[in-house]
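Tertiary structure, described
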Amino acid sequence: MSLHYQTAGESHGPGMVATVCGLPAGTPVDEAFINGELTRRQGGYGRGGRQHIESDRIEILTGVRRGLAIGSPVTMLIRNRDSRLDDLERTPPVHRPRPGHADLAGSIKYLTDDCRETLERASARETVARVAAGALARCLLREFGIDSFGMVRAIGGHATAAAVDESAISSLAALRDASDTYCPDPDATQRQVKAIHDAKLAKDTLGGIVEAHVFGCPPGLGSCMDWRDRLDARLAGAVMGIQAIKGVEIGLGFDAASRPGSRVHDPIEFDASRRESHHALGFVRPSNNAGGTEGGMTTGQPVVVRAAMKPIATIGQGLPSVDLRTREPERSQHERSDICAVAAASVVVENVCCFEIARVLREKFSGDSLREMRLQHQAFVAAARTR
Ligand code: EPS
């Protein structure tokens, strides 16, 4: 059974839509949880005026009855309050492309000198639908004891060295939730907030690094048999597909390239006392430089994905550009935007990663209903323990 999703919608159109196909019948759909993730996506210090207008919530149009998935496509609609796409006065054409945005390439590709034709779809507003899809997938992951944690690692070069350990997740989550930048480190948060404030005064923008951790995956999700099915390839593709993401690392990532193998690869140990109870079937790794995948498959260790977000392309001071009608030099156009959306990106990356984990979970344990999927999962775990 394949789990996949499609999003639709423009930033200032009537709404954004996510359609998720392949969710097994009987999956509990926790609307409050999905809406909570949408609210988190709207937050973080440095967001623009749009987030004061919107109050993102899903309306489930299809696929759910009495709180449970019925096996058909689940369609979620998030209405845009700031809906004005056809109003020429309030949503004027954009003729001076912003370097770093989809404006120039999009206007050439679609043979128009109005960048709005493409920017409305290219906008990161679309991530509201991806978060909805990912949070829905998490409703399924929970049923298999799989949980996640997303956070900001750095903004504008101001980083935290906080270690993320599964046993400390609730205290880390409390610190993150108390942070204006979703960084579980009060000192780093303070530095990040100041950097965003300074960028705002300078009419500039800031990017950063976000991190997602997924805990409790059984070993063997993904595949080494075909490059398309490698979990790390899926994760990297999905995360690179998020607006403004320019780099993805799994585990040690680029750092692994400068170390000898003996300081990269995670030793394998076996703890017989955890053979029955542990999702990794008793196999223990004292380190997790691999970030939870080897050979494109989960190892049972936490899956760790880090992503670099470039600064927002809509810059108050403008950047050198040209007017597409005259080809004369002009500063790029400015419209309301964020100064920094790295906190929001941490929520997007976490949910997008979870969707990819749910996708490989579904490939390994198919079946039309959650009950059938559970039976397959139990049969696999029993076989893997005694093989
Ligand atoms: C966003 C809504 C948008 C932008 C941002 C993300 O709102 P508006 O353009 O109406 O102010 O703040 O979009 C971009 C970063 C972009 O490049 O377009 C949202 O809801 O996340």
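Quick note: structure is the one above.
Structural notes, computed from the coordinates. (Residues numbered from 1 in each chain as written. Predicted model: local features only at pLDDT ≥ 70, side-chain atom pairs only at ≥ 80, totals over all residues. Heavy atoms only, no water.)

**Description of the sheet that holds strand E6 (residues 74–79)**
With antiparallel pairing, 4 strands are arranged side by side in an open sheet as E1-E2-E6-E3. The open sheet has two free edges, formed respectively by strand E1 (4–8) and strand E3 (59–62), since each of these has just one partner strand. Across the sheet, the mean angle separating the axes of adjacent strands is 20° when strand polarity is ignored. In terms of strand pairing, E3 meets E6 through 3 bridges, oriented antiparallel. Bridge pairing links Glu59 to Leu77 in E6. (Pairing = 2+ DSSP bridges. Helix = DSSP H or I, 4+ residues; strand = E, 2+ residues; numbered from the N terminus. Axes fitted to C-alpha atoms, helices over the stretch in contact; angles between N-to-C directions.)

**What about the packing of aromatic side chains?**
This structure, assessed with the given rule, holds 3 aromatic pairs. Between the aromatic rings of Phe270 and Phe283, the centroid separation amounts to 5.0 Å while the plane-to-plane angle is 55°, which identifies the pairing as tilted. Placement of Phe270 in strand E11 (residues 269–270) and of Phe283 in strand E12 (residues 283–284) is noted, with a sequence separation of 13 residues between them. Assessed through its relative accessible area of 42%, Phe270 is described here as partly exposed. (Phe/Tyr/Trp six-rings, centres within 6.5 Å; stacked < 30°, edge-to-face > 60°. Buried < 20%, exposed > 50% of the residue type's maximum accessible area, 1.4 Å probe, protein only.)

**Things to note about helix H8 (residues 231–240)**
When H8 is considered as a whole, its buried residues turn out to be Leu231, Arg234, Leu235, Ala238 and Val239. Around the axis of H8, the buried residues are gathered within 120° of arc, so they sit on the same side. Close packing links the buried residues of H8 with helix H5 (127–142), strand E10 (245–250), strand E13 (293–294), strand E14 (297–298), strand E15 (303–309) and helix H9 (342–364). (Arc of directions from axis to C-beta. Contact = heavy atoms within 4.5 Å.)

**Digging into H5**
Across its 16 residues, H5 extends 22 Å between first and last C-alpha, which sits within 8% of the 22 Å expected from 1.5 Å per residue. With 15 of its 16 residues buried, H5 lies for the most part within the structure. (Expected span 1.5 Å × (residues − 1).)

**Quick notes on the packing of helix H1 (residues 31–42) against H9**
Put simply, H1 and H9 touch, their axes get as near as 7 Å, and they point 145° apart. From H1, Glu37, Arg40 and Arg41 reach across to H9, where they touch Ala344, Val347, Val348, Glu350 and Asn351. Classifying every residue of the contact of H1 with H9 gives 3 nonpolar, 1 polar and 4 charged. (Nonpolar A, V, L, I, M, F, W, Y, C, P; charged D, E, K, R; others polar.)

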